[in-house]
Structure formats: C-alpha cells, structure tokens
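Close look at the chain arrangement
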Amino acid sequence: MASEPPPSSTVQIRRPIAAARGWLARVWSRKLVKAALALIVLGIVAIFAFWLLVVRDLPSVDALRTYEPPLPTNVRGIDGVPIHSYARERRVELSYAEYPPMLIRAFLAAEDKSFFEHHGVDYTGLAGAVIDYASKMGTGRRAKGGSTITQQVAKNLLIGNAYSPTRKLREAVLAYKIEDTLTKQQILELYLNQIALGRNAFGVEAASHAYFDKELDQLDLAQMAYLAILPKGPSNYDPVRSRERATIRRNYVLARMLDNGFITRAQHDQARAEPIVAVLRRTPKFESVGGYFVEEVRRQLLAKFGENAKDGPYSVYSGGLWVRTSLDTRLQDLAQKALRDGLIRFDRGRGWAGPIRHIDLTTDDDGQANWLQSLLNTNIALDYNDWVAAIVTAKSSGSAELGFADGDTGTLPRSGAQMPVRGQGGNAFTALKVGDIVAVAPEGGGFGLRAIPKISGGFVVEEPSSGRVLAMQGGFDDRIQAFNRATQAMRQPGSTIKPIVYSAALDNGMTPASIIVDGPFCVYQGARLGNKCFRNFGNSRGSGPHTMRWGIEQSRNLMTVRAAAQTGMPKVVATIKKMGVGDYAPYLSFALGAGETTVGRMVNAYSILANNGKGGAPSLIDFVQNRRGKVIWPENWRPCDRCNAPDWDGKPMPRPVPRQRQVLDAQTAFQMVHITEGVVQRGTAVTLRDLDRPMFGKTGTNNGPTDVWFVGGTPQYVGGLYIGFDTPRNLGGAAQGGTLAAPIFKQFAIKAYEGLEKLPFRAPPGIRMVRIDRASGRPVYGTWPNTSDPKPAVIWEAFKPESEPRRAARRSGGPIAPVVAKPVAPRAEAPRDSDFLQRQGGIY
C-alpha cells in the first residue's frame with residue numbers, strides 16, 4: 001500500500017488557527033467573560049475620560065513653590081514711616097512661624113481637624129459631600145464643600161471656584177500632588193496668607209486689622225475663633241448685621257477646639273462668654289495722609305509698572321512694592337492747613353453753597369434707612385479742625401438728625417444752619433434734604449452747619465537742592481475734591497512769570513541795573529488788529545526810566561514787555577520752556593503770564609533759580625523696591641554710602657548721586673534770586689519781610705483777577721500756591737497776590753522754617769557784588785549799604801564779570817566824581833500791603 005502524502009504547510013498553519021477560533025468561541029459564549037471584557041473597556045474609557053476632563057490640563061503644582069500672593073503697594077514718607085497703601089485686596093504676608101499656634105488650631109477645628117493626618121483628601125468628608133450633592137441635585141441648593149485645607153489651596157490658587165463635580169475631582173487630584181510637593185507647614189502658610197475673609201481682607205493678618213484693629217498676636221481666643229468661621233462665608237457672619245449668627249458659629253468652633261483637645265474647658269467657657277465686638281469698617285489710620293500727593297504718586301506708578309498682575313510682576317495692586325517718597329508729613333500738614341485756612345477766609349460770609357453730595361438712602365429688611373452703609377460707600381470724609389462729614393437721616397421743622405461714619409448720631413438744630421444759601425436766598429436749614437452729606441462741627445449741645453469753600457487752589461513745596469517735592473495740596477480735601485489743582489489745573493501765572501522773563505534778559509546782555517523805560521508800549525499787529533498797547537496794573541501809564549530791579553520789585557508790566565521785546569520773544573519763550581513752565585508761541589502777552597501752566601511747574605522753576613540754575617523734573621518718588629527689598633526704580637539707583645552716619649568719621653564726605661543738570665546759567669539764576677529778595681523786602685510780598693530770613697519770591701495776579709499767586713522761599717524750601725475758582729471767575733477788585741496768596745504762604749512759613757538755620761543764597765563763582773544807588777543803578781563810593789533798612793538808598797547788587805557799572809570819563813579826560821550817597825533815614829511803612837499796591841501799580 002502506498003503511503004499517504006504529508007500535509008502541506010498551509011494546512012499545518014490552518015489547523016492551530018481553527019483550534020484557537022474554536023476555543024475563543026467557547027470562551028466568548030460564557031457571560032462572565034463578556035462582562036469582564038466590557039468592564040475592561042469601560043475602565044479604559046473611564047480612564048481616558050478622567051484624563052480628558054480632569055487631568056489633561058491640570059496646572060503644575062510646582063508653581064506653588066514660588067507662588068507670590070498679590071500684595072498691596074506700600075508707600076512711605078521721607079522718614080520711612082508708612083503713609084498709604086494701594087490695595088484692592090488688603091493682605092499682609094506672614095511666614096508659618098509668625099502665626100500664633102492657637103490661631104492655627106482654631107482654623108483646623110473649623111476647616112480640617114485631620115489636616116496633619118490625611119494626604120490632601122479626607123475621604124470620609126468627600127463621600128459625605130458627594131452624597132449631599134446628589135441629594136440636592138435639581139433643588140437649586142448648594143451642597144456642602146467637604147474640602148480639606150489642601151483642596152481649598154488648590155481651588156483658590158490653581159483651578160478657581162466653579163461649582164461642579166469636575167472641579168471637585170480636579171481639586172482632589174491637585175491636593176494629592178500638592179501634598180507630595182509641599183510640607184504641611186507650607187500649605188498652611190499659603191492658606192492663611194491668601195484666604196478671603198471679608199471687608200476686603202485677604203489673609204488672616206489683614207483680617208485681624210479689618211475686624212479688630214489689632215496685630216494678629218494681640219488677638220484673644222474668642223477673636224481667633226471668630227476669624228476661623230469666616231472662610232465659610234464672610235458676609236454670612238458679619239459682626240454687625242449678623243452678630244447672633246456669627247456668635248453661634250464661633251461657639252461651634254470653640255466646642256470643636258475643646259473636643260479636639262486644643263483648649264481647656266476654662267478657656268472654652270471664658271471665650272464663649274465674650275461678645276463679638278468688632279470695629280466698624282474704615283480705612284487704615286494713615287490713609288488720609290497727603291491725599292493729593294499719594295494720588296499723584298499712584299498715577300506715576302501706574303504709568304511705570306501697570307495696574308494688575310497681567311501688566312507685570314511689579315504692578316501697583318498686586319506687586320507688593322515698597323515706595324519711598326519725598327513727602328514730609330509735617331510740611332504737608334502745614335501746607336494743607338494754610339491753604340484751607342486761606343480758602344475759608346476768602347469764602348467766609350458768602351453763604352452756604354449746598355451739600356457735598358446727595359444720595360438716596362436705601363432701607364434694610366426691617367424698613368430702616370441704611371444710612372451708615374450709604375455714607376461709607378461714598379468715602380467722603382473731612383479732617384479740617386473739628387469738622388466732620390455727616391449725612392442727614394431725618395428732618396423735622398426744628399432740627400435735622402445726623403449720622404456719622406463711626407456709627408454715631410447727632411442733631412443739627414434749626415439755629416445751627418441759618419446761613420443764607422448762596423445764589424438762591426433763604427436759609428440753609430430750609431434747603432437741607434434727607435440724604436444730604438454735609439460738613440458740621442460741634443456747637444452747643446449739638447452741631448452747626450459749615451460751608452465747604454467754593455474757591456479752591458493748589459500748594460506745592462519743593463526742596464531746591466534735590467528737586468524733591470515735600471508737600472502737595474491740590475484743593476480743600478481730596479475725599480470731596482479729587483481733582484489735583486497742584487498738577488492738573490492749568491492756570492495763568494500772571495506776574496510770577498516775570499523773574500523767568502527777566503532771566504532771559506539777563507542772559508542776553510542786560511543787568512539788574514539796566515535802565516528800562518516804564519512808559520507806553522504798543523505793538524502793531526497788522527491791518528486787522530491794529531496796535532496792541534500794554535498797560536500797568538490799574539491802567540497806570542508809566543513813571544519813566546528805572547532799573548530792572550525796580551521794575552521787578554514793583555511788577556511793572558510796561559517795563560517787562562519792553563525788556564522782553566528788546567531781548568526777543570523767541571529767546572524768552574525758549575527760557576520759559578527749558579525751565580519747564582510751558583511751551584508758548586513768541587507773543588509778548590506770554591511775558592506777562594498769559595500762558596497756562598501749573599503751580600507745580602512754577603515752583604520747580606523757582607527751585608531751579610534758588611539752586612543756581614540746576615534742576616530738572618520735580619520728583620515725588622525717591623526709589624521703588626520690590627517685595628524682597630531690591631530697588632527696581634530708578635534703574636541706575638545707587639545708595640549713598642555713609643550718608644546716614646551719625647557723625648563725621650574723618651573720611652571724605654559722602655556725596656549722593658547727582659540727578660540734576662544745569663538748566664540756566666548759574667550767575668543769571670543768582671542775579672534773579674538776589675533781585676527778587678527785594679520783592680520781599682520792599683515789593684509786593686512785603687508781608688513776608690518780618691519772617692526775618694533771606695527769602696525771595698514773586699506775587700502774581702492775572703486778568704480779572706481770576707487767580708492770585710505767590711511763589712518763593714529760601715535755600716531750604718521753595719513753595720508756591722494759587723487760589724481761584726475751578727471755573728474761572730472774578731475774585732473781586734481787591735484780590736491780589738500780595739493780599740491773598742502771600743499771607744497763606746506766610747502762615748505756612750512761620751511754622752515750616754521754625755528752628756531752621758537762616759541760610760543766605762550762595763553766589764556762584766564769578767559774581768561781583770557792587771555798591772550801587774538803588775534808584776539810578778549808578779555805582780556808589782564812600783558809603784555802605786544799610787542792611788537794617790529795607791529801603792536803603794545804597795544796596796549791594798550782583799553783576800556778572802565785566803558787566804558792572806563803571807566810572808565814566810569826562811570829555812576833558814578826567815574821571816567823573818563818584819556818587820557819594822547820603823544815609824537816608826528809614827521811611828515809615830504803610831500799615832497795609834494793599835495800600836502799597838495801590839500806590840505802585842502793576843500786575844501783581
């Protein structure tokens with residue numbers, strides 16, 4: 001029999017495949033296998049879905065290692081004392097070691113008692129939260145959180161506060177990762193620094209001040225327990241509106257602390273018996289210091305660093321900057337009071353101009369007027385003498401009920417509001433309405449109405465040697481008048497521009513003894529406009545030839561425009577521009593102060609004069625540090641080593657880095673300062689003479705008059721101010737710089753210069769001091785100036801080299817005999833500066 005042929009290779013392969021198929025068919029026919037496979041597929045899908053919805057775009061927890069919470073910008077004055085902060089979230093960052101242990105226990109009892117035992121997630125609490133969420137689905141009610149402190153850190157810092165199961169899952173995953181990345185102490189530090197606790201307080205230290213006006217380590221147990229209830233919902237436990245509810249919740253936290261062994265029974269009972277007594281909402285004590293100054297600083301910081309974190313790491317409202325400014329709080333208080341007093345003196349007797357603001361009062365659930373919250377929301381306040389801002393909460397025929405920002409109430413009787421209503425007639429009491437916010441002051445057994453002046457103004461004080469602004473007041477009060485008239489109000493400076501005009505003349509060949517004619521001066525302006533003829537103040541036509549000094553001291557318009565025309569207006573406006581006053585066209589009217597500028601610019605220009613022509617842009621900010629103390633602005637800032645040494649150490653004296661440049665010729669600047677010292681001694685600012693110290697300055701009154709000015713000072717401080725209505729209108733014929741503005745500066749100067757050395761203005765190299773006849777400007781020999789006489793016949797005058805007056809030669813070749821001046825007895829002073837002004841004429 002023949003043997004069977006061996007199977008082919010194809011057949012050999014098919015047999016195992018067929019066997020495998022058969023086995024799979026038998027296995028697949030079993031239900032258990034199908035179920036297991038389905039579970040595996042579902043698991044894979046679930047894992048993919050979990051990755052897609054929860055894990056895929058989770059933020060990295062490594063960012064928490066270098067996390068920097070948003071911090072406010074803190075502002076310090078010239079002495080380093082805090083004066084303000086710019087904050088939308090009030091926060092003070094502390095390290096874990098700085099938190100009192102009892103405070104940490106209070107938060108653990110309230111939020112996460114097993115914090116030190118779990119690894120980011122409390123599974124029992126999470127399960128309870130899931131069940132609660134399921135039971136409340138579709139009801140519109142919010143389920144309880146069930147989050148640990150670590151989960152809250154993940155939510156607040158990394159993923160947000162969206163209400164959804166997905167967010168809870170993301171939160172749990174992140175919490176687990178955070179526990180692997182940070183220590184428990186680091187997690188608690190992040191939590192306690194960033195948690196929102198109401199009253200715009202973020203972090204526990206800020207909340208301690210917001211609710212109890214205390215440092216954190218000064219809180220007692222009951223107060224710490226109250227802060228620990230706030231993360232659940234600060235508005236739910238407001239210490240004023242919801243005191244009973246807050247007390248119940250606080251006592252619950254105390255009970256949890258007792259159950260957990262964090263406190264003793266005696267501590268619990270003592271804290272439970274303590275009522276919740278919180279301070280009313282208010283800004284920090286120093287927030288009212290230098291309001292106009294710190295607002296100008298804020299504008300400059302916003303321009304440099306931006307507003308929020310998206311603008312960069314050094315933003316004003318989250319960068320945690322430390323800003324050292326040049327604000328001298330003593331000078332600021334003096335300037336503020338002097339300007340306010342001057343505005344009130346002018347406005348006194350003109351009647352009541354109406355309320356500061358009117359608001360419609362809202363009512364609470366009980367139908368009571370919620371006047372306190374309405375008043376606080378306006379941020380209106382006053383700190384002038386004993387004046388306070390109040391809101392009219394009710395009114396009857398005989399009195400009005402008042403409410404104050406501290407929650408107190410008072411009564412304004414009809415007799416306390418009898419001043420007339422300005423421009424309307426009738427008395428102020430009749431015009432009062434419920435919801436009016438008014439200024440009042442204690443009077444008798446109640447309060448009396450006060451009138452906020454309608455006139456306003458600006459006052460700036462600068463240090464000439466450095467260009468640092470030391471004080472700035474831009475109105476009566478920045479909380480009722482936010483517009484800063486020191487830097488934003490463009491006004492005509494009047495005759496305060498004349499020293500700068502004459503500086504251009506001195507730079508171009510004139511001297512203080514140059515003779516200028518005080519007489520009619522007309523300019524042909526073309527066929528359509530014809531001649532423009534200038535006049536002195538009071539339409540005085542002129543008094544003939546006089547020295548430049550005399551023209552400045554007596555503020556003669558005709559002499560000024562003649563000197564400007566002789567110098568050339570292009571040169572005059574170029575000098576005005578480089579002094580930082582303004583950029584004007586070369587028209588003669590600008591030589592009399594017709595161009596607009598600010599009081600801040602004028603004070604800086606006079607500071608350049610007082611500093612021998614050196615200066616630049618005025619500065620309010622000395623330097624800016626980041627949250628770690630590194631100086632980040634100015635970019636080339638260098639510390640002045642040994643500048644703060646208590647005494648000389650025998651080494652060369654330290655020198656600060658100079659920031660100023662030579663703007664004006666030093667000799668020209670000194671000549672002008674020397675001339676304008678005469679304005680104080682015998683000119684339009686003679687009211688300042690009894691301050692008895694070297695002082696220069698110039699008054700100004702513009703057309704109308706609508707504004708009156710004074711700018712001047714000493715080598716230590718230069719100050720300037722104007723007063724006028726925001727919408728310019730006539731101040732009255734008697735209004736002049738010497739009678740209104742100079743007395744305000746005098747009130748400031750009496751206190752500001754108290755105790756300061758009487759320093760003379762230092763002449764630069766090359767200046768020649770020559771004795772001249774004050775009236776003629778001719779050189780004088782054989783006698784000496786009488787320094788005790790404010791109006792001597794012979795004075796010392798400052799000349800540049802080779803420009804001083806000399807003896808003239810006779811035609812026969814012999815010299816002219818020198819002028820020998822006879823001593824002149826001092827003349828009696830006029831009793832009032834206004835009388836002097838009327839006699840002399842000129843725009844002041």
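Source: prediction; values computed, not measured.

Conventions we followed
Residues numbered from 1 in each chain as written. Predicted model: local features only at pLDDT ≥ 70, side-chain atom pairs only at ≥ 80, totals over all residues. Heavy atoms only, no water. Helix = DSSP H or I, 4+ residues; strand = E, 2+ residues; numbered from the N terminus. Contact = heavy atoms within 4.5 Å. Areas by Shrake-Rupley, 256 points an atom, 1.4 Å probe, with all protein chains shown as cover. Pairing = 2+ DSSP bridges. Axes fitted to C-alpha atoms, helices over the stretch in contact; angles between N-to-C directions. Core = buried A, V, L, I, M, F, W, Y, C linked by side-chain atoms within 4.5 Å. Buried < 20%, exposed > 50% of the residue type's maximum accessible area, 1.4 Å probe, protein only. Parallel < 35°, antiparallel > 145°, perpendicular 65-115°, else oblique. Left-handed = near helix turned anticlockwise from the far one by under 90°. Nonpolar A, V, L, I, M, F, W, Y, C, P; charged D, E, K, R; others polar. Salt bridge = Lys/Arg side-chain N within 4 Å of Asp/Glu carboxyl O. pLDDT = per-residue confidence, 0-100. Phe/Tyr/Trp six-rings, centres within 6.5 Å; stacked < 30°, edge-to-face > 60°. Expected span 1.5 Å × (residues − 1).

1. Re the overall build of the chain
The helix and strand tally for the chain stands at 23 helices and 24 strands. Sequence separation of at least 24 residues holds for 68% of the intrachain contacts in the chain that already meet a minimum separation of 6. Total accessible area on the chain is roughly 40,700 Å²; 54% of this is exposed by carbon and sulfur atoms.

2. Re the sheet that holds strand 20 (residues 696-701)
Read across the open sheet, the 5 strands follow the order 11-10-22-21-20; overall the sheet is antiparallel. At either margin of the open sheet sits one strand with a lone partner, and together these are strand 11 (468-473) and strand 20. Geometrically, the sheet is characterised by an average inter-axis angle of 10° between neighbouring strands, direction not taken into account. Relative to strand 21 (residues 707-713), strand 20 is paired through 6 bridges, and the arrangement is antiparallel. Looking at strand 21, one finds that G700 is bridged to W709. Lying over the sheet, helix 22 (residues 737-752) contacts strand 10 (456-463), strand 20, strand 21 and strand 22 (718-724), oriented at roughly 40° with respect to strand 21.

3. Looking at the nonpolar core
Formed by 117 residues in total, the largest nonpolar core has its most connected members in F459, F745 and F748. Core analysis: the next-biggest nonpolar cluster, separate from the first, contains 53 residues, I149, L174, I178 and L192 among them.

4. Some details on the sheet that holds strand 3 (residues 322-325)
Hydrogen bonds along the backbone pair up the strands of a sheet, which may run parallel or antiparallel. Strands sit in the order 2-1-3-17-18 across an open sheet of 5 strands; the sheet is mixed. Across the chains shown, the open sheet's two edge strands, defined by having one partner strand only, are strand 2 (82-86) and strand 18 (631-633). Taken pair by pair, the neighbouring strands of this sheet meet at an average axis angle of 30°, ignoring direction. In the sheet, strand 17 (residues 621-625) pairs with strand 18 via 2 bridges, with the strands oriented antiparallel. By the bridge assignment, V624 is partnered in strand 18 with W633. Along the sheet face, helix 12 (residues 291-305) touches strand 1 (73-76), strand 2, strand 3, strand 17 and strand 18 and points at about 45° away from the line of strand 2.

5. Side note on the packing of helix 3 (residues 101-111) against helix 9 (residues 221-229)
Following both chains from N to C, one finds helix 3 and helix 9 inclined at 40°, their axes separated by 9 Å at the closest point. Comparing their axes, helix 9 and helix 3 come out oblique. As for the relative orientation of helix 3 and helix 9, their crossing is right-handed in sense. Judged by residue contacts, M102, L103, A106, F107, A110 and E111 of helix 3 engage L221, M224, A225, L227 and A228 from helix 9. Residues belonging to the contact of helix 3 with helix 9 are distributed by class as follows: 10 nonpolar, no polar and 1 charged.

6. Focus: the pattern of salt bridges
This model, assessed by the stated rule, comprises 32 salt bridges. Linking E443 and R450 is a salt bridge whose minimum nitrogen-to-oxygen distance equals 3.2 Å. Of the residues examined, E443 reaches a relative accessible area of 37% and is grouped as partly exposed. Residue classification places R450 among the partly exposed residues on the basis of a relative accessible area of 22%. One network of salt bridges, in which partners are shared, links E295, E296, R298 and R299.

7. Some words on the confidence of the model for the chain
Residues with a pLDDT of 70 or more make up 84% of the chain, whose mean pLDDT is 85. Taken as a whole, residues 820-844 scores under 50 in pLDDT and shows 58 contacts with residues more than four places along the chain or in a different chain.

8. Describing the packing of aromatic side chains
Counted under the stated rule, the structure contains 21 aromatic pairs. Taken together, a centroid distance of 6.4 Å and an interplanar angle of 70° make the contact between F346 and F725 edge-to-face. Separated by 379 residues along the polypeptide, F346 in helix 13 (residues 329-347) and F725 in the loop between strand 22 and helix 22 bring together distant segments of the chain. For F346, a relative accessible area of 10% puts it in the buried group. Look at F725 and you get buried, because its relative accessible area is 6%. Ring centres of W387 and F476 lie 6.0 Å apart, and the angle between their planes is 35°; this geometry places the pair in the tilted category. With a gap of 89 residues between them, W387 in the loop between helix 14 (371-378) and strand 5 (388-395) and F476 in the loop between strand 11 and helix 16 (498-507) connect regions that are remote in the sequence.

9. Some thoughts on the environment of R272
If you trace the backbone, R272 turns up in helix 11 (residues 265-272). The exposure class assigned to R272 is partly exposed, which follows from its relative accessible area of 43%. With 17 residues separating them along the chain, R272 and A255 place their C-alpha atoms 9.0 Å apart. Not counting the four nearest positions on each side in its chain, R272 is found in contact with R250, N251 and L254.

10. Examining helix 12
If you check helix 12, its first and last C-alpha atoms are 21 Å apart, about what 15 residues at 1.5 Å a residue would give, namely 21 Å. Those residues of helix 12 that fall on the buried side of the exposure criterion are G291, Y292, F293, V294, E296, V297, L301 and F305. A positive phi of about 90° marks G306, the residue just after helix 12.

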